[in-house]
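Listed here are the chains, written in short residue letters.
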Amino acid sequence: MCHDFILMLMITLKPPFTAIWPHKVGDACLRVAGTDAATFLQAQLTCDALNMPLHTTTLGAWCNAQGRVRAVLRITRFDNHFDCVLPASLLEHTQKTLSRYVMRSQVTITAVSCDGPSLAPAAFIAAGIPEITPDTAEQFVPQMLNLDQLGGVSFTKGCYPGQEIVARLHFKGGLKRRLAVFKVADAKPNVNDGVFSGSDLVGQVLDVADGVLSAVVQLTHVHETLTLADGAPLLPH
């Protein structure tokens, strides 16, 4: 299956850096180039862009000052640039906002087409790869999206927006919600729909496509029988 292919790519090199990933249908790409590209991304994202080997991919989050994720990027390093893949719906805002921080750095940020093979969105959901859209931006810290488990957060690098909050949660604990993947039949949930255990609201839908759904769910309820608001069951994937 397609998600098995993604998982295979993720373990071909020692995390957090893996072989180059395919992109997802509907993705866009920001190309960050220039002599200061690596240090620029190091100061903006949760991942360790500075120490990425050439021709590898890693996940990374771009957070606000409160540690809430504005975008999840799939970053690939090439000889002279980084390609940062994200949903097309976030492209313009992300490019415009990141460009404000370039200042005197030798960096250019341009929109380019996604190269290489593509896979359906359901393949990424099934593999547990989180995606943030304008509807879900700035709601979750990286750990809620499992980015710390997927190699998308470095806890040894320097500062980036929201770093203090992300690091405090890692070192002191207190995480109460994480991403989980489910199958759903005969229902058409929407992003941000509630997830219920009985009558209790215990999570919200993050992403859904072709009968596969990811949701951020309270850890104390993740192994219970969960449903959508209309009673449709969420089945373990």
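That block above? That's the structure.
These numbers come from a predicted model, not from an experiment.

Colleague: Kindly report on the sheet that holds strand S6 (residues 108–112), identifying the contributing residues and their values.
Modeller: Taking strand neighbours across the sheet as the criterion, the five strands line up as S3-S4-S5-S2-S6 in an open arrangement whose pairing is antiparallel. Whereas interior strands pair on both sides, the edge strands pair on one side only; in this sheet they are strand S3 (57–63) and S6. Neighbour to neighbour, the strand axes of the sheet diverge by 30° on average, direction disregarded. When strand S4 (residues 69–77) meets strand S5 (residues 81–87), the two strands line up antiparallel, connected through four bridges. Within S5, the residue paired with Thr76 across the bridge is Asp83. On the sheet, helix H3 (residues 88–99) packs against strand S2 (27–33), S3, S4, S5 and S6 and is oriented at approximately 135° with respect to S5.

Colleague: Talk me through the side chain of Thr133; I want residue IDs and the actual numbers.
Modeller: Relative to the assigned elements, Thr133 resides in the loop between helix H4 (121–126) and helix H5 (163–172). Here Thr133 falls in the buried class, since its relative accessible area comes to 17%. Apart from the residues within four sequence positions on either side, Thr133 is in contact with Ser89 and Leu90.

Colleague: Can you lay out the pattern of salt bridges for me, pointing to particular residues and giving the numbers?
Modeller: Once the charged atoms of two side chains with opposite charge are near each other, the side chains can pair. A full pass over the atoms with the stated rule returns seven salt bridges. Between Glu131 and Lys24 there is a salt bridge, with its nearest N and O atoms 2.8 Å apart. Of this pair, Glu131 sits in the loop between H4 and H5 while Lys24 sits in strand S1 (residues 23–24), and the two are 107 residues apart along the sequence. On the basis of relative accessibility, which here comes to 12%, the residue Glu131 falls in the buried class.

Colleague: With reference to specific residues and values, describe the pairing of strand S13 (residues 233–236).
Modeller: Regular strands have side chains that alternate between both faces of the sheet. With two bridges joining them, strand S8 (residues 177–183) and S13 adopt antiparallel strand pairing. Directly across from Phe182, in S13, lies its bridge partner Pro236. Relative to S13, strand S12 (residues 226–228) runs antiparallel, the two sharing two bridges. Bridged to Thr227 within S13 is Pro233. Taking the residues between adjacent antiparallel strands as the criterion, S12 and S13 are bridged by four residues, where Gly231 takes a positive phi near 90°.

Colleague: Quick rundown of the side chain of Lys157? Include the residues and the values.
Modeller: Summarising the element assignment, Lys157 is placed in the loop between H4 and H5. Of the side chains with opposite charge, Asp48 comes closest to the buried, unpaired Lys157, at an N-O distance of 6.1 Å. From its side chain, Lys157 meets the backbone oxygen of Leu45 in a polar contact 2.5 Å long. Residue contacts for Lys157: discarding those within four places in its chain leaves Leu41, Gln42, Leu45, Thr46, Cys47 and Asp48.

Colleague: Quick rundown of the environment of Gln139? Include the residues and the values.
Modeller: Within the element layout of this structure, Gln139 appears in the loop between H4 and H5. Residue Gln139 is classed as partly exposed on the basis of its relative accessible area of 24%. For the pair Gln139 and Arg68, spaced 71 residues apart in the sequence, the C-alpha separation amounts to 5.8 Å.

Colleague: Describe the packing of aromatic side chains, listing the residues and the values that go with them.
Modeller: For the structure shown, the criterion picks out one aromatic pair. Note on Phe155 and Phe171: the rings are 6.1 Å apart at their centroids and 75° apart in plane angle, and the pair reads as edge-to-face. In this pair, Phe155 sits in the loop between H4 and H5 while Phe171 sits in helix H5, placing the two residues 16 residues apart along the sequence. Classification of Phe155 by relative accessible area gives partly exposed; the value is 23%. Relative accessible area serves as the criterion here: at 60%, Phe171 is assigned to the exposed category. Over the aromatic face of Trp62 sits the side chain of Arg70, whose NZ or CZ is 3.8 Å from the ring centroid.

About the cut-offs
Residues numbered from 1 in each chain as written. Predicted model: local features only at pLDDT ≥ 70, side-chain atom pairs only at ≥ 80, totals over all residues. Heavy atoms only, no water. Pairing = 2+ DSSP bridges. Helix = DSSP H or I, 4+ residues; strand = E, 2+ residues; numbered from the N terminus. Axes fitted to C-alpha atoms, helices over the stretch in contact; angles between N-to-C directions. Contact = heavy atoms within 4.5 Å. Buried < 20%, exposed > 50% of the residue type's maximum accessible area, 1.4 Å probe, protein only. Salt bridge = Lys/Arg side-chain N within 4 Å of Asp/Glu carboxyl O. Lys, Arg positive; Asp, Glu negative; His and termini not counted. Polar contact = N/O pair within 3.5 Å; in protein donor to acceptor, adjacent residues only side chain to side chain. Phe/Tyr/Trp six-rings, centres within 6.5 Å; stacked < 30°, edge-to-face > 60°. Lys NZ or Arg CZ within 6 Å of the ring centre and 35° of its normal.

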